[in-house]
Amino acid sequence: MKNTIKIIGLILLITTGQIAYGQTNKAKALEIGNQAVKLEDDGEYEKAIKLFETAQRIDPDKVDYPYEIAYCYFQLKEYEKVINIVEKLTDHKDAEDVVYELLRNAYDNLGKADKAIEIYESGLKRYPKSGRLYLEMGIMQIGKKNYNKELAYYEKGIEEIGRAHV
């Protein structure tokens with residue numbers, strides 16, 4: 001009986017320590033990530049990338065850190081790096097529609113409008129209520145001179161944004 005109680009106590013001690021360690025790591029990663037955002041806001045993208053990479057090593061499951069790294073690369077006009085990072089994020093369980101927006105923008109800046117439209121189409125399959133993606137798809141249609149499609153996407157985007165704010 002005494003051994004059972006000792007074993008249970010040891011298990012609780014180890015489990016509690018692991019939970020506290022995990023929370024400490026996430027808090028530390030968040031603190032580093034917040035510092036990186038300040039650098040990013042000040043246009044110090046290279047320094048921000050290094051801090052975001054540190055935060056990502058500490059908390060590898062959080063989608064925000066690789067997204068922000070990709071955003072910094074986008075600001076540095078390193079679109080291939082953006083694509084390499086963001087394509088992996090499209091399947092992440094916590095990814096949001098902005099992931100598709102950033103990926104589309106990278107392809108579009110490389111002159112790959114057809115691929116950019118394909119990205120939005122897949123984004124709209126995952127986020128069918130994303131007013132942002134519909135509006136962005138409308139912008140893509142202007143470049144293709146598909147004005148009827150453009151209008152339809154704008155209307156759908158406005159409708160979805162209106163629903164989100166009701």
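Source: prediction; values computed, not measured.

Engineer: Just to check I follow, could you spell out the overall build of the chain for this structure?
Structural biologist: A count of helical and extended segments in the chain gives eight helices and zero strands. Listing each helix as α and each strand as β along the chain from the N terminus yields α-α-α-α-α-α-α-α. Within the chain, residue pairs in contact and separated by at least 24 positions form 46% of the contacts whose partners lie at least 6 positions apart. Carbon together with sulfur atoms contributes 56% to the accessible area of the chain, which is approximately 10500 Å² in total.

Engineer: How should I be thinking about the pattern of salt bridges in this particular structure?
Structural biologist: Counted by the stated rule, this structure contains nine salt bridges. Across the salt bridge formed by D97 and R132, the nearest N and O atoms sit 3.8 Å from each other. Of the two residues, D97 sits in helix α5 (residues 97-109) while R132 sits in helix α7 (residues 131-143), which places them 35 residues apart along the sequence. Residue classification places R132 among the partly exposed residues on the basis of a relative accessible area of 38%. One salt bridge connects D108 with R104, and the closest N-O pair in it is separated by 2.9 Å. Residue D108 and its partner R104 are both found in helix α5; the two are separated by four residues, about one turn of the helix. On the basis of relative accessible area, D108 is assigned to the partly exposed category, the value being 31%. Ionic contacts of the salt-bridge type, sharing partners, join the residues D97, E101 and R132 into one network.

Engineer: Looking at this model, I keep getting lost on the nonpolar core. Mind explaining?
Structural biologist: Across soluble globular proteins, nonpolar side chains have a tendency to be buried as a group. Formed by 40 residues in total, the largest nonpolar core has its most connected members in F52, V82, V86 and L102. Taken together, the elements giving at least two residues each to this core come down to α1 (2-41), α2 (45-58), α3 (64-75), α4 (79-89), α5, α6 (113-126) and α7. Looking at this core element by element, the count peaks at seven residues for α3. With sequence-adjacent residues up to four places away left out, V82 is seen in contact with A70, Y73, F74, L102 and A106.

Engineer: Looking at this structure, how should I read the layout of surface pockets?
Structural biologist: Over the atoms rolls a probe the size of a water molecule, and its path tells where empty space is left. Volume-wise, the largest pocket comes out at about 230 Å³. Across the lining of the largest pocket, the residue classes tally to nine nonpolar, two polar and five charged.

Engineer: I'm lost on the packing of aromatic side chains in this one. Help?
Structural biologist: What describes a pair of aromatic rings is the distance from one ring centre to the other and the angle between the planes of the rings. Applying the stated criterion across every chain yields a total of two aromatic pairs. Both rings, one in Y100 and one in Y127, keep their centres 6.0 Å apart while their planes meet at 70°; by these two values the pair is edge-to-face. With a gap of 27 residues between them, Y100 in helix α5 and Y127 in the loop between α6 and α7 connect regions that are remote in the sequence. Owing to a relative accessible area of 18%, Y127 belongs among the buried residues under this scheme.

Engineer: Explanation requested: the environment of R104 in the structure shown.
Structural biologist: The exposure class of R104 is buried, given its relative accessible area of 5%. Taking the C-alpha atoms as reference points, R104 and I83, 21 residues apart in sequence, are found 8.8 Å from one another. If near-sequence neighbours (up to four positions away) are discounted, R104 is found in contact with A116, I119, Y120, E136 and M140. In terms of polar contacts, R104 uses its side chain to reach the side chain of E136, at 2.9 Å.

Engineer: Is there a simple way to think about the environment of A95 in this case?
Structural biologist: Relative to the helices and strands, A95 is located in the loop between α4 and α5. A95 sits in the buried class, given a relative accessible area of 5%. C-alpha separation for the pair A95 and Y67, spaced 28 residues apart in sequence, amounts to 8.9 Å. Sequence-distant contacts of A95, that is, excluding residues within four places in its chain, are made with V63, L89, R126 and Y127.

Engineer: Where do I start with unusual backbone geometry in this structure?
Structural biologist: The bulk of non-glycine residues show a negative phi, and the bulk of peptide bonds are trans. Positive phi, close to 65°, is recorded for K77, a residue that is not glycine. Among the structural elements, K77 can be located in the loop between α3 and α4.

Cut-offs used in this document
- Residues numbered from 1 in each chain as written.
- Predicted model: local features only at pLDDT ≥ 70, side-chain atom pairs only at ≥ 80, totals over all residues.
- Heavy atoms only, no water.
- Helix = DSSP H or I, 4+ residues; strand = E, 2+ residues; numbered from the N terminus.
- Contact = heavy atoms within 4.5 Å.
- Areas by Shrake-Rupley, 256 points an atom, 1.4 Å probe, with all protein chains shown as cover.
- Salt bridge = Lys/Arg side-chain N within 4 Å of Asp/Glu carboxyl O.
- Buried < 20%, exposed > 50% of the residue type's maximum accessible area, 1.4 Å probe, protein only.
- Core = buried A, V, L, I, M, F, W, Y, C linked by side-chain atoms within 4.5 Å.
- 1 Å grid on protein atoms, 1.4 Å probe; cavity = no way out; pocket = protein on both sides within 12 Å on 5 of 7 lines; lining within 4 Å.
- Points joined across faces, edges and corners; volume = space filled by probe spheres on them.
- Nonpolar A, V, L, I, M, F, W, Y, C, P; charged D, E, K, R; others polar.
- Phe/Tyr/Trp six-rings, centres within 6.5 Å; stacked < 30°, edge-to-face > 60°.
- Polar contact = N/O pair within 3.5 Å; in protein donor to acceptor, adjacent residues only side chain to side chain.

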